[in-house]
Structures are given as structure tokens and as C-alpha cells.
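# Survey of secondary and tertiary structure
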Amino acid sequence: VQLQASGGGLVQAGGFLRLSCAASGRTFSNYHMGWFRQAPGKEREFVASITWNGGRTDYADSVKGRFTISRDNAKNTVYLQMISLKPEDTAVYYCAGAGGLYQTTDNAYDAWGQGTQVTVSS
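Remember, predicted model here, so these are calculated numbers, not experimental data. (Residues numbered from 1 in each chain as written. Predicted model: local features only at pLDDT ≥ 70, side-chain atom pairs only at ≥ 80, totals over all residues. Heavy atoms only, no water.)

### Points about the overall build of the chain
Counting its regular elements, the chain contains zero helices and eleven strands. For the chain, the α and β elements follow one another from N to C terminus as β-β-β-β-β-β-β-β-β-β-β. Over its C-alpha trace the chain gives a radius of gyration of 13 Å, about what one expects of a compact globule, namely 14 Å for 122 residues. Seen through its principal axes, the chain has C-alpha atoms that stretch 40 × 25 × 25 Å. (Helix = DSSP H or I, 4+ residues; strand = E, 2+ residues; numbered from the N terminus. Rg over C-alpha atoms; globule rule 2.2 N^0.38 Å.)

Structure, rendered in C-alpha cells:
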């Protein structure tokens with residue numbers, strides 16, 4: 001599956017953004033989906049994930065209560081709604097797809113999008 005992330009941008013602290021990730025090439029509903037992020041000088045980290053049917057979601061502690069992952073299998077798209085953004089949320093955000101077991105670790109994901117930059121100013 002090919003993934004294309006979009007929706008990043010520059011926002012003030014306390015603001016909101018919605019990231020989208022459009023899939024093509026293979027059956028989207030066969031994939032569990034996740035969002036990861038990488039800040040400058042830091043390792044890539046897990047943000048949120050959702051099972052193929054949306055029945056389960058998981059979040060990093062740092063974003064719980066502020067971010068919501070969702071998917072629309074009819075539109076082959078996964079979303080990340082982000083509110084109450086903080087400067088520490090600044091990073092490149094990547095969507096990823098896992099065709100195997102559902103996990104929250106990045107080594108479980110075998111398809112990656114190109115990333116979209118999110119910058120939160122203080």
C-alpha cells in the first residue's frame with residue numbers, strides 16, 4: 001500500500017490540526033494504521049494506532065486526551081485530529097500501515113508515508 005500524508009502546518013500553541021493519510025494500491029482495510037513522529041535530533045516515536053476496523057485505538061501517553069486517530073475505510077484514509085497542541089508536538093508526522101499483527105512499535109509497520117511537518121509555536 002502507498003501512503004500520502006497531508007495536513008501539517010504551522011500553528012500556535014493551543015491550536016489544532018487534522019492530519020490525513022490517503023492510501024492506495026492495496027486493500028486499505030487489510031492494514032492496521034499508525035501515526036509516528038520524529039522531532040529534530042530525536043528518535044521516531046509512536047503517537048497513535050488503530051486496528052483495521054477501528055475497533056481498537058492506542059495512544060502515546062504524551063498525546064492522550066488531545067489526539068484522536070480515526071479511519072474511513074470507504075475513503076481509504078486515516079486521520080489524526082490534534083487539539084491543544086504544544087510546542088513539544090513539533091515534529092515530522094508519518095503515517096504507517098501494518099499488514100500483520102497489530103502493534104504499537106514501528107518495526108511492525110511495513111508501509112510508510114513521506115511525512116508531514118507540524119510546527120507549534122509558543
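### Let's talk about the sheet that holds strand β7 (residues 67–72)
A sheet is described by the order of its strands in space; here four strands give the open sequence β1-β3-β8-β7, paired in antiparallel fashion. Two strands lie at the open edges of the sheet, namely β1 (2–6) and β7, each paired on one side alone. Across this sheet, the average inter-strand angle for adjacent strands is 15 degrees, counted without regard to direction. For strand β3 (residues 17–24) and strand β8 (residues 77–82), the ladder comprises six bridges, and the chain directions are antiparallel. (Pairing = 2+ DSSP bridges. Axes fitted to C-alpha atoms, helices over the stretch in contact; angles between N-to-C directions.)

### Quick notes on the packing of aromatic side chains
Think of a pair of aromatic rings as described by two things: how far the centres are apart, and how the planes are tilted against each other in angle. Under the definition given, this model contains four aromatic pairs. Plain terms: the ring middles of F36 and Y109 are 5.1 Å apart, the flat faces sit at 75 degrees to each other, and that makes the pair edge-to-face. On the criterion of sequence distance, the pair formed by F36 in strand β4 (residues 32–38) and Y109 in the loop between β9 (91–98) and β10 (111–112) is long-range, its members being 73 residues apart. Judged by relative accessible area, F36 falls into the buried class, the value being 1%. Positioned above the aromatic ring of W112 is the side chain of R44, whose terminal nitrogen or guanidinium carbon lies 3.9 Å from the ring centre. (Phe/Tyr/Trp six-rings, centres within 6.5 Å; stacked < 30°, edge-to-face > 60°. Buried < 20%, exposed > 50% of the residue type's maximum accessible area, 1.4 Å probe, protein only. Lys NZ or Arg CZ within 6 Å of the ring centre and 35° of its normal.)

### Things to note about the side chain of R37
Tracing the backbone shows R37 in strand β4. The exposure class assigned to R37 is buried, which follows from its relative accessible area of 5%. Engagement of the side chain of R37 in a polar contact is seen with the side chain of E45, the distance being 2.6 Å. Within the local environment of R37, its side chain forms a polar contact with the side chain of D89, the two groups lying 2.9 Å apart. The contact partners of R37, leaving out residues within four places of it in the chain, are E43, R44, E45, V47, S62, V63, F67, E88, D89, A91, V92 and Y93. (Polar contact = N/O pair within 3.5 Å; in protein donor to acceptor, adjacent residues only side chain to side chain. Contact = heavy atoms within 4.5 Å.)

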